[in-house]
Amino acid sequence: MATMERQAGRVAALATLLAFILYLMTLAPGITWHNDGADGGDLITATVTGGVPHPSGYPTYLLIGSVFARLPIGDIAWRFNLMSAVGAACAVGFTVMATLASLRKLPQGETHIHLMVSGIVGMTFAFSSLLWSQAVVAEVYSWNSCFAALVWYLMLRAHVSHKLWLWPLTAYVFGLGLGNHLSLLALAPAALVLFFASLDVARGGSGLPRPVSRYAMLLFFTLIAFAAGLAVYGVLPLRAAQKAPVNWGGADTWEGFVWLVTGQAYAPLVAALPPAHLPGRMLAALALLVRQAAWWGVPAAYLGVQVLWRYDRPVVLAMSLSSLVLLVYAVGYNTPDSYVYLIPVGMMLMMWMAWGLADGLHKITLWAGARFGSDRPIVTMVARWGAWVLILVPLVANYPMVDASGDRRAHDFGIQALESVEEGALIITETAMDTFPLWYFHYAEGRRPDVVLINGNLLAYAWYRDSVRRRYPSIELLDPDDHPFQMVQKLMQAEIARRAVYLTTPHWSLPDDLHLVPVGVLYRVERTS
């Protein structure tokens, strides 16, 4: 068993290293819009300035990011891109470990087949378009994948080995992972299924546990460990109290903390996709998952589910429940980038593929041995090497699509916008794509401290208006009950007599006495003659 564990560790470490090298080669050079990575500027800026990013605050990401921000290599944005690469590479390694733990339930098959199959699906996962796309930009989803893979590994190891002491550790990691992204909560049904399945095995499948106090104590310590991991959210009020320039929600108050952590700003988007679009979105999600399996993995996964159902039904039920929750959430969430919530589904798909491959290779080995009378017939060797070749499919197909190494659009936009305006100018932004690059260069890198940055849409929130007043005392915000469009109009009229005023987009309604003049990447507000 110890030898098997060492071999598993080597395979996982090798897969992690290979994935990291690939991600490093395709890493975004700085702040980026590639692969829907526009939120990176907000996450980076909040981390390095001691602030709080957009809901749900991501305290675990902030703590990990604070470590990477201190690395003496590259610029700040590149370090956070590197952080994503590390998280995604670790997700690959933990997926390999989780797969090997699950395959221990398979009664037949040689150890080297299990190691090979786990390596194949691990690298297939590494080359999948969803994980790879998030591994090269500053976002929370690579580390969400890492925590999901680690939780799955711990759950499956506890389930297979019957080591109940692993459950409190699993609960702690689960709580800590929720501090990186709340979508990890979709693993809760799987955790409950496997936890109670483990208890049932531990008591021999009988009705009542032998020492009731033992299992009550286990449940108690598991809940305590979960609460300890979840306590990472206590970081947010402490950071919010520093009143950094990026301080979403004002989480140093109870009302602001609840607004932030529960994601009330995005609540209208949950299950909000128009019914007419649901069939198309569902088909697109299923097609995307097929792509993650590199097409050839679909029949392997189908076979794997059948085999797994014979030997470990609780795992099939656990994975199916969590996959269904994530699929429904991703399809119904009315944003164009909701596909990222399918990454853990792809991870579970890989484990199903592993069962199918392991069973298929075992049957080929038995058939070839009986047919040709050899322990290592050429048919078996061809089948095994052919299986390794399969990982080239997603590598070749996805490389040009997710490679962010040449993307400098957000970087160039941010630099040009700040460097092109007059001293003391006011720049009014609108969306994440035009706001966060400016926040990054202005607040995180300290460029053009004389410039005033205001996001027009965020003026709808009292916490943001308070932040603007603290940051720019000379700015007067009138009529806070107005719609943001009206507030922006009044702001432009009040400030144009005192400073140059620019918009990042031409979408705001202007008063009759003002008009826009394109200037580089911005639009200058001028009085109509």
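Given the structure is predicted, the values throughout are model-derived calculations rather than measurements.

## Brief notes about the sheet that holds strand β2 (residues 452-455)
The 5 strands lie next to each other as β2-β1-β3-β5-β4, forming an open sheet whose pairing is mixed. Pairing within the sheet leaves two strands with one partner each, and these edge strands are β2 and β4 (514-519). Mean inter-strand twist for the sheet, computed between neighbouring axes without regard to direction, equals 30°. Pairing of β4 with strand β5 (residues 522-527) involves 6 bridges; the strand directions are antiparallel. Bridged to V519 within β5 is L522.

## Focus: unusual backbone geometry
Note the cis peptide between P55 and S56, where omega equals 10°. Looking at where S56 falls in the secondary structure, it is placed in the loop between α2 (40-49) and α3 (59-68). Located in the positive-phi region is A271, a residue other than glycine, with phi close to 55°. Relative to the helices and strands, A271 resides in the loop between α12 (254-261) and α13 (278-292). One non-glycine residue with positive phi stands out, namely R448, at about 45°. Secondary-structure assignment places R448 in the loop between α20 (432-444) and β2.

## Description of the nonpolar core
With 181 residues, the main nonpolar core has Y23 and W152 as its most contacted residues. It is helix α4 (residues 76-103) that contributes the most residues to this core, 16 residues altogether. Discounting residues that sit within four places of it in the chain, Y23 has contacts with A85, A88, A89, V92, A126, L131, W132, A135 and V136.

## Quick look at the pattern of salt bridges
Here the structure, examined in full by the defined rule, presents 10 salt bridges. Taking the shortest distance from any N to any O, the salt bridge between R469 and D466 comes out at 3.3 Å. In this pair, R469 and D466 are both assigned in helix α21 (residues 462-471), 3 residues apart and thus about one turn of the helix distant. Of the charged contacts, one joins R498 and E495 as a salt bridge, the two residues approaching to 2.8 Å between their closest N and O atoms. If you follow the salt bridges from partner to partner, you end up with E422, R524 and E526 in one network.

## Side note on the environment of R469
In this structure R469 comes out as partly exposed when scored by relative accessible area, which is 34%. At 3.3 Å, the side chain of R469 and the side chain of D466 are in polar contact.

## A few points about the confidence of the model for the protein
Looking at the protein, pLDDT values average 91 and 93% of them are 70 or higher. Of all secondary-structure elements in the protein, the lowest mean pLDDT belongs to helix α17 (residues 378-389), at 64, while α3 reaches the highest, 98.

## Some details on the packing of aromatic side chains
Evaluated as defined, the whole model comprises 23 aromatic pairs. Taken together, a centroid distance of 5.6 Å and an interplanar angle of 80° make the contact between W132 and Y399 edge-to-face. With a gap of 267 residues between them, W132 in helix α6 (residues 129-135) and Y399 in helix α18 (residues 392-402) connect regions that are remote in the sequence. Taking relative accessible area as the criterion, W132 reaches 0% and is therefore assigned buried. Plain terms: the ring middles of W143 and F147 are 6.5 Å apart, the flat faces sit at 50° to each other, and that makes the pair tilted.

The rules we used
- The residue count restarts for each chain, going from 1 along the sequence in the order it is written.
- A pLDDT threshold of at least 70 governs which residues receive local features in this predicted model, and a stricter bar of 80 or more applies before side-chain atom pairs are shown or counted, although totals over entire chains, interfaces and linings include all residues.
- Side-chain numbers come from the whole structure's heavy atoms, not from hydrogens or water.
- Here the rule is simple: two strands pair whenever DSSP picks up at least two bridges between them.
- Per the convention used, a helix needs a DSSP run of H or I reaching at least four residues, while a strand needs a run of E reaching at least two, with both numbered from the N terminus.
- Think of each axis as a best-fit line through the C-alpha atoms, taken over the contacting stretch in the case of a helix, with angles from 0 to 180 degrees between the N-to-C directions.
- Buried residues of nine kinds, namely Ala, Val, Leu, Ile, Met, Phe, Trp, Tyr and Cys, make up a nonpolar core once their side-chain atoms join them within 4.5 Å.
- Under the scheme applied here, a residue whose accessible area is under 20% of the maximum for its type counts as buried, over 50% as exposed, and between as partly exposed, the area being computed with a 1.4 Å probe on protein chains only.
- Here, two residues are considered to be in contact whenever any of their heavy atoms come within 4.5 Å of each other.
- One speaks of a salt bridge when a side-chain nitrogen belonging to Lys or Arg is within 4 Å of a carboxyl oxygen belonging to Asp or Glu.
- Under this definition, polar contacts are N or O atom pairs within 3.5 Å; protein pairs additionally need one hydrogen-donor-capable and one acceptor-capable atom, and for neighbouring residues in sequence, both atoms have to be side-chain atoms.
- Per-residue confidence from the predictor is given as pLDDT, running between 0 and 100.
- We call Phe, Tyr and Trp rings a pair once their centres come within 6.5 Å, taking the six-membered ring for Trp, and we label the pair stacked below 30 degrees between planes, edge-to-face above 60, and tilted otherwise.

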